[in-house]
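The primary structure of each chain is shown beneath.
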Amino acid sequence: MSPSRRLVPARVEGRIQGIRDVQVLLDGDLAAIYGVTTKALNQAIKRNAERFPEDFAFRLTEGEYLALRSQSVTSNTGRGGRRYLPWAFTEHGAIMAASVLNSPRAVEMSVFVVRAFIRLRDFARTHAELAAKLNALERKVAGHDKDLKRMFAALRALLDPPTKPRRTIGFGNR
């Protein structure tokens, strides 16, 4: 595996994609993270198929694969590219893959994979909480549009300088 193909732990999160309403890592990315070839990873999966039920790993459909290819630049299938549809690994499937590969790098990197999935889950939960708070605020303010406009107009009036010049008081106007 060439050093340029290896992924650093900080980039694991960026490789996780949403497919079929679950977060997954594709076989090529997982192989790069674990420091093995995609072929070696897929052979290990095939030899241990009973450890990878559908909720751990699944093969992409042609449509899913084409949708992914349209989102990123990949090689042509007829010119040294993929011959088979890629596997997608959920968090549990990625950990199981580390156990069947049983290489020191796979064990070490599986920790980073789990942490990346956890960070994405936390982000999604925070995002959902923020959206719920925004919706609640919108519901509270709804119906008060006229009152808010009047309040903002009054505030602007206080902040704007007076429009007509002030008359000076005293003997300077003679």
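Residues numbered from 1 in each chain as written. Predicted model: local features only at pLDDT ≥ 70, side-chain atom pairs only at ≥ 80, totals over all residues. Heavy atoms only, no water.

Caption draft 1: Structural context of the overall build of the protein chain. Of regular secondary structure, the protein chain possesses seven helices and four strands. In the protein chain, the succession of helices and strands from N to C terminus is α-β-β-α-α-β-α-β-α-α-α. The contacts in the protein chain between residues at least 6 apart in sequence include a share of 74% that link residues at least 24 apart. Surface summary for the protein chain: the accessible area is close to 12800 Å², and the carbon and sulfur share equals 57%. (Helix = DSSP H or I, 4+ residues; strand = E, 2+ residues; numbered from the N terminus. Contact = heavy atoms within 4.5 Å. Areas by Shrake-Rupley, 256 points an atom, 1.4 Å probe, with all protein chains shown as cover.)

Caption draft 2: Main features of the nonpolar core. L30, Y34, L41, F52, F89 and V113 are the most contacted members of the largest nonpolar core, which has 26 residues in total. Contributions of two or more residues to this core are made by α2 (27-34), α3 (38-47), β4 (87-89), α5 (91-101) and α6 (104-141). L26, L60, L68 and A88 belong to the second largest nonpolar core, which has seven residues in total. (Core = buried A, V, L, I, M, F, W, Y, C linked by side-chain atoms within 4.5 Å. Buried < 20%, exposed > 50% of the residue type's maximum accessible area, 1.4 Å probe, protein only.)

Caption draft 3: Expanded view of unusual backbone geometry. For R20, which is not glycine, the phi torsion reads 55 degrees and is therefore positive. Mapping R20 onto the fold places it in the loop between β1 (17-19) and β2 (22-26). Even without being glycine, D21 reaches a positive phi, approximately 65 degrees. Its location among the elements puts D21 in the loop between β1 and β2.

Caption draft 4: Seen up close, the packing of α2 against α3. Following both chains from N to C, one finds α2 and α3 inclined at 105 degrees, their axes separated by 8 Å at the closest point. When the axis of α2 is compared with that of α3, the two are roughly perpendicular. Contacts between α2 and α3 involve D27, G28, L30 and A31 from the first element and T38, L41 and N42 from the second. (Axes fitted to C-alpha atoms, helices over the stretch in contact; angles between N-to-C directions. Parallel < 35°, antiparallel > 145°, perpendicular 65-115°, else oblique.)

Caption draft 5: α3, seen in detail. Buried within α3 we find L41, N42, A44 and I45. Viewed along the axis of α3, the buried residues span an arc of 155 degrees, placing them on a single side of the element. Opposite the packed face of α3, turned more than 90 degrees from it, sit the exposed residues K39, K46 and R47. Contacts from the buried residues of α3 go to α2, β4 and α5. (Arc of directions from axis to C-beta.)

Caption draft 6: A look at α6. For α6, spanning 38 residues, the distance from its first C-alpha to its last is 57 Å, which sits close to the expected 56 Å at 1.5 Å a residue. Those residues of α6 not exposed but buried are A106, M109, S110, V113, A116 and F117. Tucked into the core, α6 has its buried residues touching α1 (12-15), β2, α2, β4 and α5. Positive phi shows up at G143, right after α6, with a value of about 95 degrees. (Expected span 1.5 Å × (residues − 1).)

Caption draft 7: Just the pattern of salt bridges, in detail. Scanning the model with the defined rule gives four salt bridges in all. Two residues, E64 and R20, come together in a salt bridge whose shortest N-O distance is 2.7 Å. Taken together, the residues E64 in helix α4 (residues 62-71) and R20 in the loop between β1 and β2 connect sequence positions 44 residues apart. By relative accessible area, R20 is classed as partly exposed at 37%. When salt bridges with common partners are traced through the structure, they connect R20, E54 and E64 into a single cluster. (Salt bridge = Lys/Arg side-chain N within 4 Å of Asp/Glu carboxyl O.)

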